[in-house]
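# Examination of the molecular architecture
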Amino acid sequence: MTRRPRATTAKAANYRDMDSDMSIDLAAISDEEEWTPAERKTKAPIKTARHRAATAKKAPAKKRATTEESKAPRQASAPTEPKDPKPKAPRKPSAKAADVLKSSAALGLRRTKRKNNTVKKDDDPEELANCSEGENAEQSGPSIKMKDERVSFIVPQPHQAEGSPREGSSLAGLTAKKEEAEDDFTFDEPCVKKQKTSGACQGRPTALKPSEAQALRNELNMNWDMIETLSTLSCVDRWVCVNIIRLLREENTVPFIVRYRKEMINNMDADAVRDVQLIYEELCSLSKKAQSVIQTLKKDGVLSTELEQALRSCRSTDELDHVYSPYKKGSKLTKARRAKALGLETAASALMDTPHTLDLSAWVKSDTEGLSSVEEVVTGVEHILADMIAKDPETLTYVKKLCDDSSVTIQSSISKATLKEKEQKSDKGPKKEGAQQKKNKDIDKFHLYFDFTCNIQRIQSHQTLAINRGESLKFLTVKVNIPERVKSEFTRWCINNRWRTRTFAREELCVIIRNAVEDSYKRLIVPFLTRSFRTKLTSAAEKESIAMFLRNLRQRLLLCPVRGCVIMGVDPGFKHGCKLAILSPTSQILHTDVVYLHNSGQHREASKLHHLMTKYRCTRVVIGNGTACRETESFFADLISQRYFHPLDVSYCITNEAGASVYSVSAEAVKEMPDLDPNLRSAVSIGRRVQDPLAELVKIDPKHIGIGTYQHDVPAKALKAALDGVVQECVSFVGVDINICSETLMRHLAGLNAGRAKSIAEWREQNGPFTNREQLKQVKGMGPKSFQQCAGFIRINLQTSASSSSARPASAVLVKPAAKAGKGKTGVNIPTSFNPLDQTCIHPESYHVAERLLSIVGGSPDQIGSAGLRQSVERKVGSSSMEELARTVDTTAETLKLIIDGLTQPLGLDIRQNFGRADFKRGIVSMSDLQVGAVLTGRVDNTALFGSFIDIGVGRSGLIHKRYITLDKLPANQRRRSLVLGPGERVEVRVLSLDPQRGRIGLDLIRVLQ
């Protein structure tokens, strides 16, 4: 008796995988990639129409097993006779169908926050490649402001292409690309990175060159396409991904790509490019791990063709680990592998294919353990089936979809050990002190999570990290709760659809299948889902935490410098006194001293301060926010209120001294200030942080600057790489004067490292100041690629060059001849004359275009930055479009905009002048002076995942919880950032609550001050 054809499960067109960030239209994928009955016509041209119809029903079925040891039951192509001699005929098409499913299900590398994006398949790449530049010019929008280039690391303004999207856009259907302020910003979900998808490909290729593509395929050796996968995961057009991969493989830095290759990356900002780079590196790392696993399994002799293909089809580390885990060395033999070793795999296959012929009693061997009775045989068959079910891609996809449609929650509770400890403490009374008291205090920090439950789709990143930390400290017990409905629906679907026998099965055999399904769900699938959910929540939280670090660090580095005045840096202290360092307007150390302001003899110390302030005409005092900060602030405030320093108008500010102590004992500080006491070095660092925050903070490891939260709960390697990237961007985009900047600052410039920075400093000492950028080619270790990456970010200032030259003996200013032959530097003559274009952000590769533009507008290089040249350029741009002018000078519109910025911006423009600076004050307010409802102004001190800490000048930072940061309180240009307040921003706040005992101040945001 043959069973009725199994109902197909391929009609779930709107599948949305729990691992995925996006909703995928599987119907579109199936139409393009799924094998069809027509593929089998050459093998069986005489098949009847009835058989072809049954085959069509089978087409959407997916391959259920990835290893040789866990072969899945075959798909029913038609009602077959028991004596069919070709059981493996449908293997190949089924594998292809499985690959289609994996390619859609494995989109979950990204976090599950982007749920509303509907990604369509890429259109024909040839259509994109045939886009002409003329067509792009017609579709280009109005020209942007000239200064936008100089702040290219700031979150860009929304861009909306004119007209409808082109057919060639690989993400033309991505509805979330419409940036609307009304529904974009939220603290509940991280802001999705939205890229410009105008559809214009600027004539760029949508595929790598054949040689590059082949090299990439050989390097990866995986079953999926890198470009396609990267485009899908990053939500970036395919042609942009092609260009980014090419630029990265050519060893271009992110600052160089963002500033000088805008047309190739569709005007993406640095954060977006880094996101794509991170995904690309993750995929490359996944490929290397897969190759390593394959080699290991091959050496062990357990690698089969099916297992190798399954490993090469994995698109995430979790998926790779799931496939590889049964074969890891040292892992105990699974129940399924023990049953297979007894030869019961054939019985399990017969149970699914030909149950009417299966006689389990025939497998009984009384002298063999595991086969001594029918019950043991049944148990072994159940274990094999459970293993097959747990590794079947279609089954896992279905159960994930069920979880996605259900309310899966994560629950944390106080651990039994911690609860027992607290009970013992309450019985004995508060007798123990010291370490035990500190541990109890640490336990109390997690009291919010002693009975905590939240849906995994709504849990906040900081909550995930806090739960993970509590679990690692063994204070909390965490589990994932999957509704019982999922189990019942999953069991019904498996028995009636996916794991239904091919022919009629007796009742006792159906019981075996049911038991196998339930055992697989409870013992294998639920733990897999739990690990998967926890891993994805942790990964998303870590990425959000790192992103918060980056935003805070960028804001801290780009604080506006305080120049043109003498500054006194103060490192406060009680027992060892307050360390002072008086710095000149150029950050040179004028005087260092120690004063004891909090002991007897305060009048004498005040007189010393008056003498120093008067002698050096110092009007600004910078106090570190460490120990004795409030007392030192009060001392200076009293002197200022008494006009003690008259006629000097003295004011002070409080700055974050995090990392100053670490820096004071570092090798860098010893090299820079060898004869200075470490305590005095910290005072110098505190003063210089206000004079030039960027130049001083780059000397300190970003992890010690005191930004962000949960830095010890995120991967150290990923955090360091990301922070170093932001430092490089800030230094590069601000630019450095090569003749006066420190060696430490040069290290962080794009294209340079410690060795090249040292070589530049040595060349500068031996030959005098640089007079043009071309002279950099004479520096040891400066090859063509290094010069290309750093040249645009280096400035040659005529005034500093002349002053540096006049300060040296005449004999030392002579330029040495070219380096010796054979040492990598040829005897090419390098001009020594000054080039005015070297003062601008224009790259040397575009000098000929800039000169052509100057000739068209009737200007000269000597007029750079003048009002007359600016007016001439504006008139020319106004008379003809930017695109037309770009064609005239033979360049792209983006490069032309950059050149126009460089020619028209004032010389010496510092982009940091638009950022906040330190607030100097003359009076002091304490926490006791505050009242609920009081309106104050303050500055953002730090930003966490749950809100922002505001320094309102009372010695304690207040907290604006994220629920009080709403759209109507933010400027329009800040509504598209997931963390809208960064260190240094000035805000107006209202006091909501005061807790003097715990030193907590609750604030409400009124508005952001511009």
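Since we're looking at a predicted model, the values are computed, not measured.

Here is what the cut-offs are and how they apply
Residues numbered from 1 in each chain as written. Predicted model: local features only at pLDDT ≥ 70, side-chain atom pairs only at ≥ 80, totals over all residues. Heavy atoms only, no water. Helix = DSSP H or I, 4+ residues; strand = E, 2+ residues; numbered from the N terminus. Buried < 20%, exposed > 50% of the residue type's maximum accessible area, 1.4 Å probe, protein only. Contact = heavy atoms within 4.5 Å. Areas by Shrake-Rupley, 256 points an atom, 1.4 Å probe, with all protein chains shown as cover. Core = buried A, V, L, I, M, F, W, Y, C linked by side-chain atoms within 4.5 Å. Pairing = 2+ DSSP bridges. Axes fitted to C-alpha atoms, helices over the stretch in contact; angles between N-to-C directions. Right-handed = clockwise from strand over helix to strand, strands pointing away. pLDDT = per-residue confidence, 0-100. Parallel < 35°, antiparallel > 145°, perpendicular 65-115°, else oblique. Left-handed = near helix turned anticlockwise from the far one by under 90°. Nonpolar A, V, L, I, M, F, W, Y, C, P; charged D, E, K, R; others polar. Polar contact = N/O pair within 3.5 Å; in protein donor to acceptor, adjacent residues only side chain to side chain. Salt bridge = Lys/Arg side-chain N within 4 Å of Asp/Glu carboxyl O. Disulfide = S-S within 2.5 Å. Phe/Tyr/Trp six-rings, centres within 6.5 Å; stacked < 30°, edge-to-face > 60°.

## With respect to the overall build of the chain
When helices and strands are counted, the chain shows 37 helices and 17 strands. Buried residues in the chain amount to 52% of all 1010 residues. Of the contacts made within the chain by residues no fewer than 6 positions apart, 74% connect residues no fewer than 24 positions apart. Looking at the chain as shown, the accessible area adds up to about 46400 Å², and 51% of this sits on carbon and sulfur atoms.

## Digging into the nonpolar core
Met226, Met268, Leu385, Ile482, Phe490 and Ile760 are the most contacted members of the largest nonpolar core, which has 167 residues in total. The element contributing the most residues to this core is helix α22 (residues 507-557), with 18 residues. Excluding anything up to four places from it in sequence, methionine 226 contacts Leu216, Leu220, Ile245, Tyr280, Leu283 and Cys284. Core analysis: the next-biggest nonpolar cluster, separate from the first, contains 26 residues, Val566, Tyr616, Ile623 and Tyr652 among them.

## Structural notes on the sheet that holds strand β5 (residues 476-481)
Taken in spatial order, the three strands make up an open sheet running β4-β3-β5, and their pairing is antiparallel. In the strand order of this sheet, the two ends are held by β4 (451-455) and β5, each with one partner. Looking at each pair of strands side by side, their axes are set apart by 15 degrees on average, direction ignored. In this sheet, β4 lies alongside strand β3 (residues 409-414) in antiparallel orientation, the contact comprising five bridges. Paired with threonine 409 across the bridge in β4 is asparagine 455. Along the sheet face, α22 touches β3 and β5 and points at about 115 degrees away from the line of β5.

## Examining the pairing of strand β9 (residues 620-624)
Most of β9 is tucked away, with four of its five residues classed as buried. In this sheet, strand β10 (residues 651-655) lies alongside β9 in parallel orientation, the contact comprising five bridges. If you follow isoleucine 623 over to β10, its bridge partner there is isoleucine 654. On the question of chirality, the crossover connecting β9 to the parallel β10 by way of helix α24 (residues 629-641) is right-handed.

## Observations concerning the confidence of the model for the chain
In this model, the chain carries an average pLDDT of 76, and 72% of its residues clear a pLDDT of 70 or more. The low-confidence segment residues 1-203 (pLDDT under 50) makes 410 contacts with residues lying over four places distant or belonging to another chain. Low pLDDT, under 50, characterises residues 809-824; the predicted model gives this stretch 17 contacts beyond four residues in sequence or across chains.

## Remarks on unusual backbone geometry
Cis geometry is found at the peptide bond from histidine 646 to proline 647, where omega equals 15 degrees. Here proline 647 shows up in the loop between α24 and β10. In this model, alanine 628 sits at a positive phi of 70 degrees, which is unusual for a non-glycine residue. Note that alanine 628 resides in the loop between β9 and α24. You can call alanine 628 buried: its relative accessible area is 5%. Located in the positive-phi region is arginine 643, a residue other than glycine, with phi close to 55 degrees. Among the structural elements, arginine 643 can be located in the loop between α24 and β10.

## Looking at the packing of helix α8 (residues 226-234) against helix α9 (residues 238-249)
One can describe the packing of α8 onto α9 by two numbers: an axis separation of 9 Å at closest approach and a directional angle of 115 degrees. Of the possible angle classes, the one that applies to α8 and α9 is roughly perpendicular. Crossing geometry of α8 relative to α9 is assigned as right-handed. Across the interface between the two elements, Met226, Ile227, Glu228, Leu230, Ser231 and Ser234 of α8 pack against Arg238, Cys241, Val242 and Ile245 of α9. Of the residues that constitute the contact of α8 with α9, the class distribution is six nonpolar, two polar and two charged.

## What about helix α13 (residues 317-324)?
Where α13 is concerned, the buried positions are Glu319, Leu320, His322, Val323 and Tyr324. If you check the start of α13, you find a side-chain oxygen 3.2 Å away from the backbone N of glutamate 319, and it comes from serine 316.

## Quick look at the environment of serine 641
Considering the arrangement of structural elements, one finds serine 641 in helix α24. At 2.7 Å, the side chain of serine 641 forms a polar contact with the backbone oxygen of aspartate 638.

## What to know about the environment of arginine 534
Tracing the backbone shows arginine 534 in helix α22. The buried category is assigned to arginine 534, whose relative accessible area is 17%. Distance in space between the C-alpha atoms of arginine 534 and valine 478 is 9.8 Å, their sequence separation being 56 residues. Excluding anything up to four places from it in sequence, arginine 534 contacts Ile410, Asn468, Glu471, Val478 and Val480.

## Quick look at the sheet that holds strand β8 (residues 589-595)
Read across the open sheet, the five strands follow the order β8-β7-β6-β9-β10; overall the sheet is mixed. Edge strands, defined here as strands with exactly one partner in the open sheet, are β8 and β10. Strand-to-strand twist of the sheet, defined as the mean angle between neighbouring strand axes without regard to direction, takes the value 20 degrees. Docked against the sheet, helix α23 (residues 602-615) engages β6 (567-571), β7 (578-583), β8 and β9, running at close to 175 degrees with respect to β8.

## As for the pattern of salt bridges
Counting across every chain of the model gives 43 salt bridges. A salt bridge links glutamate 672 to arginine 688; its shortest N-O distance comes to 2.7 Å. Here the residue glutamate 672 occupies a position in helix α26 (residues 667-672), and arginine 688 occupies one in helix α27 (residues 678-691), the gap between them amounting to 16 residues. Glutamate 672 gets classed as partly exposed once you look at its relative accessible area, which sits at 34%.

## Quick word on the state of the cysteines
Counting across every chain of the model gives zero disulfides. Left without a disulfide partner, cysteine 235 is nearest to the cysteine sulfur of cysteine 241, which lies 9.7 Å away. A residue is classified by how much of its surface remains accessible, and cysteine 235, at 1% relative accessible area, is buried.

## Some points on the packing of aromatic side chains
Within this structure, the stated rule accounts for 11 aromatic pairs. Between phenylalanine 490 and tyrosine 521 the ring centres are 5.5 Å apart and the planes differ by 35 degrees, which places this aromatic pair in the tilted class. Taken together, the residues span a long stretch of sequence, with phenylalanine 490 in helix α21 (residues 484-498) and tyrosine 521 in helix α22 at a distance of 31 residues. For the pair phenylalanine 490 and tyrosine 521, one class covers both residues: buried. Between the aromatic rings of phenylalanine 733 and phenylalanine 793, the centroid separation amounts to 6.3 Å while the plane-to-plane angle is 75 degrees, which identifies the pairing as edge-to-face. Residue phenylalanine 733 is located in helix α29 (residues 716-734), and its partner phenylalanine 793 is located in the loop between α32 (784-791) and β12 (794-795); the two are separated by 60 residues in the primary sequence.

## As for the packing of helix α7 (residues 210-220) against helix α11 (residues 270-300)
Contact pair α7 / α11: the axes reach a minimum separation of 9 Å and the direction vectors enclose 50 degrees. Comparing their axes, α11 and α7 come out oblique. For the pair α7 and α11, contact is made by Leu216, Glu219 and Leu220 and by Tyr280, Cys284, Ser287 and Gln291, respectively. For the contact of α7 with α11, the class distribution of residues is four nonpolar, two polar and one charged.

## Focus: the pairing of strand β14 (residues 947-951)
Pairing of strand β13 (residues 935-944) with β14, which is carried by five bridges, proceeds in the antiparallel orientation. Considered in β14, the bridge of alanine 944 is made with glycine 947. Here β13 hands over to β14 after two residues, the two strands then running antiparallel side by side. Sheet analysis places β14 next to strand β15 (residues 957-961), joined by five bridges and oriented antiparallel. Looking across to β15, one finds that phenylalanine 949 is bridged to leucine 959.

## Notes on the environment of serine 412
As for its placement among the helices and strands, serine 412 is situated in strand β3. A residue is classified by how much of its surface remains accessible, and serine 412, at 0% relative accessible area, is buried. Taking the C-alpha atoms as reference points, serine 412 and aspartate 451, separated by 39 residues in sequence, lie 6.0 Å from one another. Apart from the residues within four sequence positions on either side, serine 412 is in contact with Tyr449, Phe450, Asp451, Phe452, Ile467, Thr477 and Val478. Within polar-contact distance, the side chain of serine 412 engages the backbone oxygen of tyrosine 449 at 2.9 Å.

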